[in-house]
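Structural overview for review
Spelled out, the chains give:
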Amino acid sequence: MLKDEYALELKDIYKSFYQNQVLKGVSLNVEKGMIMGLLGGNGAGKSTLMKIVNGIYAKDSGAIFIGGKEIELHNAQDAKRQGIAMVYQELSLVPTLTVVQNLFLNAEPCNGLSIDEKMCLKQAKEAFEDFGINDIDPNAVAGDLPIGKKQLIEIIKAMLKNPQVLILDEPTASLTQYEIGLLFEFIRKLKERGIAIILISHHMKEIVEICDRAVILFNGTVALNAEVKSLTIPDMVEAMVGREVQEDYVKREKKADYNAEPLLCVKDLENSDGKLNGACFTIYPGEVVGIAGLMGSGRTELIKCIYGLMKPKKGSVTLRGKKITGQKPWVSVDTGVFMIPEDRRKSGIIDIHSVKMNLFLSAWKHFTKGGWIQDKKADEEAKKLIEKLDIKTTGIGQEVKNLSGGNQQKVVFGKSVFLHPDILMLDDPTVGVDVEAKDGICRIISAIADTGSGVLLVSSEFDHLARVCDRVLIMKQGRMVGELKRGKDKLSESSLLVAVQGA
Amino acid sequence: MQRQSFKDINLSKFIVYISFFIVLIGFSILLPGKFLTVNNILNILRQTAMISVAAVGMTFAITAGQIDLSTGGVTAITALVTALMLQRFPTVIAVLIGVGVGFICGALNGILLTKCRIPAFIVTLGTSSVYVGFARSLTNLEAVTITNETFNHYFGSGNIGFIPTLFLWTVVITVIGQYVYKKTPFGRAVLAVGGSESAARYSGINTDKIKFWAMTICGITAAFSGILYSARMHGARYTYGENDSMNIIAAVVIGGTSFSGGKGTVFGTLLGSLVIGMLNNGLLLLGLSVNAQMIARGIVIVLAVSLSLREKLSN
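So, here's what we can say about the structure.

This next bit is on helix α14 (residues 405-419) of chain A. Residue and element names in this part refer to chain A. Compared with an ideal rise of 1.5 Å per residue, which puts 15 residues at 21 Å, α14 spans 22 Å between its outermost C-alpha atoms and is within 8% of the ideal. A large share of α14 lies buried, amounting to 13 of its 15 residues. Two residues or fewer past α14, H420 is found with a positive phi of approximately 50°.

This part is about unusual backbone geometry. All names here are of chain A. Of note in this structure, N219 is not a glycine but carries a positive phi near 55°. As for its position among the elements, N219 is in the loop between β11 (213-218) and β12 (221-227). Here the phi dihedral of H420 falls at roughly 50°; this positive angle occurs in a residue that is not glycine. Mapped onto the elements of the fold, H420 is located in the loop between α14 and β21 (423-427).

This next bit is on the nonpolar core. In a soluble, globular protein the nonpolar side chains are often hidden away together inside. Residues L166(A), F281(A), L302(A), I306(A) and L496(A) are the most contacted members of the largest nonpolar core, which totals 187 residues. Examining the composition of this core, we find that ten residues originate from one element, helix α10 (residues 207-233) of chain B, more than from any other. Among all residues touching L496(A), those that are not within four sequence positions of it are A292(A), F462(A), L465(A), A466(A), V472(A), I474(A), L484(A) and L491(A). I44(B), I254(B), L271(B) and I301(B) belong to the second-largest nonpolar core, a separate cluster that totals 40 residues.

Bringing the pairing of strand β1 (residues 8-17) of chain A into the picture now. Residue and element names in this part refer to chain A. Examined bridge by bridge, β1 and strand β2 (residues 20-30) share eight bridges and lie antiparallel to one another. Within β2, the position partnered with L10 by the bridge is L28. Sheet topology places β1 next to strand β4 (residues 61-66); five bridges connect them, and they run antiparallel. Its bridge partner lying in β4, Y14 is registered against S61.

Here the focus is the pattern of salt bridges. Counting across every chain of the model gives 28 salt bridges over all chains. In this structure, R320(A) and D422(A) form a salt bridge, with 2.9 Å as the shortest nitrogen-oxygen distance. Of the two residues, R320(A) sits in the loop between β16 (312-319) and β17 (322-323) while D422(A) sits in the loop between α14 and β21, which places them 102 residues apart along the sequence. Looking at D422(A), the relative accessible area reads 18%, which means it is buried. For D375(A), the salt bridge goes to K356(A), with nearest N and O atoms at 2.8 Å. A residue pair is termed long-range when its members are at least 10 positions apart, and D375(A) in helix α13 (residues 375-389) and K356(A) in helix α12 (residues 355-359) qualify at 19 residues. With respect to burial, D375(A) and K356(A) carry one shared label: buried. Overlapping salt bridges bring together K356(A), D375(A), D379(A), K183(B) and R188(B) as one network.

Let us look at the interface of chain A and chain B. Each side of the interface is counted separately: chain A has 33 residues, and chain B has 27 residues. Summing both sides of the interface, chain A and chain B together bury roughly 2500 Å²; the carbon and sulfur share of this comes to 62%. Taken together, the connections running from chain A to chain B amount to three salt bridges. The residue R188(B) makes a salt bridge to D375(A) at a minimum N-O spacing of 2.9 Å. Joining chain A to chain B, the criterion identifies 13 residue pairs in polar contact (both at pLDDT 80 or more). Among the secondary structure elements, those contributing two or more residues to the side of chain A that touches chain B are α9 (299-307), α10 (329-335), β18 (337-340), α11 (344-348), α12 and β20 (372-373) of chain A. Broken down by class, the residue content of the side of chain A that touches chain B amounts to 16 nonpolar, nine polar and eight charged.

Looking now at the packing of helix α8 (residues 233-241) of chain A against helix α17 (residues 493-502) of chain A. Residue and element names in this part refer to chain A. Running from amino to carboxyl end, α8 crosses α17 at an angle of 140°, the nearest separation of the two axes being 9 Å. Here α8 lies oblique to α17, going by the angle between them. Considering the relative orientation of α8 and α17, their crossing is right-handed. Of α17, the residues touching α8 (which contributes I233, P234, V237 and V241) are E493, S494, L497, V498 and Q501. Its residues placed into classes, the contact of α8 with α17 shows six nonpolar, two polar and one charged.

What counts and how
Residues numbered from 1 in each chain as written. Chains lettered and ligands numbered in written order. Predicted model: local features only at pLDDT ≥ 70, side-chain atom pairs only at ≥ 80, totals over all residues. Heavy atoms only, no water. Helix = DSSP H or I, 4+ residues; strand = E, 2+ residues; numbered from the N terminus. Expected span 1.5 Å × (residues − 1). Buried < 20%, exposed > 50% of the residue type's maximum accessible area, 1.4 Å probe, protein only. Core = buried A, V, L, I, M, F, W, Y, C linked by side-chain atoms within 4.5 Å. Contact = heavy atoms within 4.5 Å. Pairing = 2+ DSSP bridges. Salt bridge = Lys/Arg side-chain N within 4 Å of Asp/Glu carboxyl O. Buried area = accessible area lost by both parts, 1.4 Å probe. Polar contact = N/O pair within 3.5 Å; in protein donor to acceptor, adjacent residues only side chain to side chain. Nonpolar A, V, L, I, M, F, W, Y, C, P; charged D, E, K, R; others polar. Axes fitted to C-alpha atoms, helices over the stretch in contact; angles between N-to-C directions. Parallel < 35°, antiparallel > 145°, perpendicular 65-115°, else oblique. Left-handed = near helix turned anticlockwise from the far one by under 90°.

Encoded structure:
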């Protein structure tokens, strides 16, 4: 065997979905005993590439080599047989089964017809010993374990098949700092055994800490492939963002009124699961305030605590000088605080209902006369909203499930436009919507702020934050750790990325 | 896309009419000169009133994504309590007390459902047994006779013109139900909670309150069904409503209300209950034994319900 033979080599991989070219000739290679960090923004092609390596998608052209030998992958089983293992972000452990049962699920060593429980336990114990894990009881029920241990079990499960290449998809996303430390220690052990590891992560600091090499995908091509030693975070940000687009922030008719009394004051907000750790900020009338933070920074919890879907443990929320800490969502709606949730399909719309029913989900009582709903009035108002928000639909009676993602999101916005709240909070509103709808959403947000409302915008798409926000707060581990203000600081996708990654 | 949704709406609305006419025409052919007569039709309307009325409340419960299996027990307790109250109080007060019993039973279901986070199926399976047991012990299995003729006339066996009062009550309750369902913020919230509880919660709807009231309304209409039973029979027994749960739920689903919640109409439920009523009446007129009736009824209900479900699953 040649010394420089790669564990995994990808050559010139192309892949398109219909008209959409997702991968445009990606080549990379991983040596044995090397940890490669894979980065890239949304839509850069990371997950498509990994699904090709894992046999889930078929490549259009290009070649995959394992240990120097070209292979063809038709399904996930093929990939497993060739020694490729992947651990997905959503853990696949069955919470009601024990650790041992989970480890051997669907691959139980058998003794005739029955499962050889003793053998299972013995092999599990051997594996744990082998990997130096002594604080997990193999007979514990998986659901009772903390998430960090579940993550380790998931990896051990993958390692039982003796893979040569191990792909970890954002394994740190929901772990605490301490758990991340343990996980990295474990990954280093695997590396010592000569396993080639690909680590997908959004955290550049983690890549710098543990990886040997960093590969950054941008727009379906490899934008950067270098040794981590020679890299800085700004280098990586530059590769990830591509050439910086000119600042194209949405023109506003009015400006935020910083001389007025603040609309919303949040002080030292903490919740019981520790995801919020003393979050503090204010919003002024007509201001669009962004929250930039990675997953797990507490950004969703912040909104839920203000709206009342989650109970704050400490701290206060004040609206126009009045304490509203911990009020219920239906009280929030009446007092002028509204939110648009993250998961549109599950929590934003009711897909079996019509556009009209969805638009006024929170507002029916505004259409009543003597207790009865005046449907004519609602129909007119619905038509106005459809026109105002430019919702592409066949009419107010069309079921929302038949609209495109972007138009569904506009319907969700419609709910709040009609209510005209003092404070509108948006949790990642541009996920999964097309470019045109994204523009529309930008305009709607600006228009809402122009009416004097305050907008709190959480987004994982930093270019979107840079386009509409007057001010962006950097959030990490449940509190604000920085602020970029339009006019004072440079507010762009890369400046936000540097701030978030560096914080 | 537009065409697709157009087709969906029409089909699901037609299913109830299709079942209705199949049953109507089927029995008219099988029972010439017996089934489709004015007398028999009035008879069907009388026999079906108790199911129709209880099914109005059940439409709210099922639309909210819940279910109530305890209606039979509520019906029995209410019939007995109303009959006992009529021995001391005037009609109006006795009826109000009867409705109050339904309110309490339904509210108890609602509280267990929302405060203890027990699924409606389990809660009402349990309370069903409690309510039936309570009804049996109320008079120690004795029947209670009602001699109040005003009550018997206006809530049971009487006619106004040639129209049975039982049918008038059915219409009144259905129309009120339909208006509350279609024309109030509460009705829209019930649809929202059944359509997506998560979306309803994020929209600022007090989902627990809505579920509580949906269950309470279901208790109230089940109680009213008990009042009608006792007035029709001029007395009350613990057996009233005993086997009605299946018929009531079937009426709602045949009527076009989505079993998974979020969609439906109260008028559809009325038609659905008439399908069940015709079935009960026609099978009896065919001269089938009670055993054979039960078998035939079960089969037809499963067929009718599967018809209305299949269309929905195909989306």
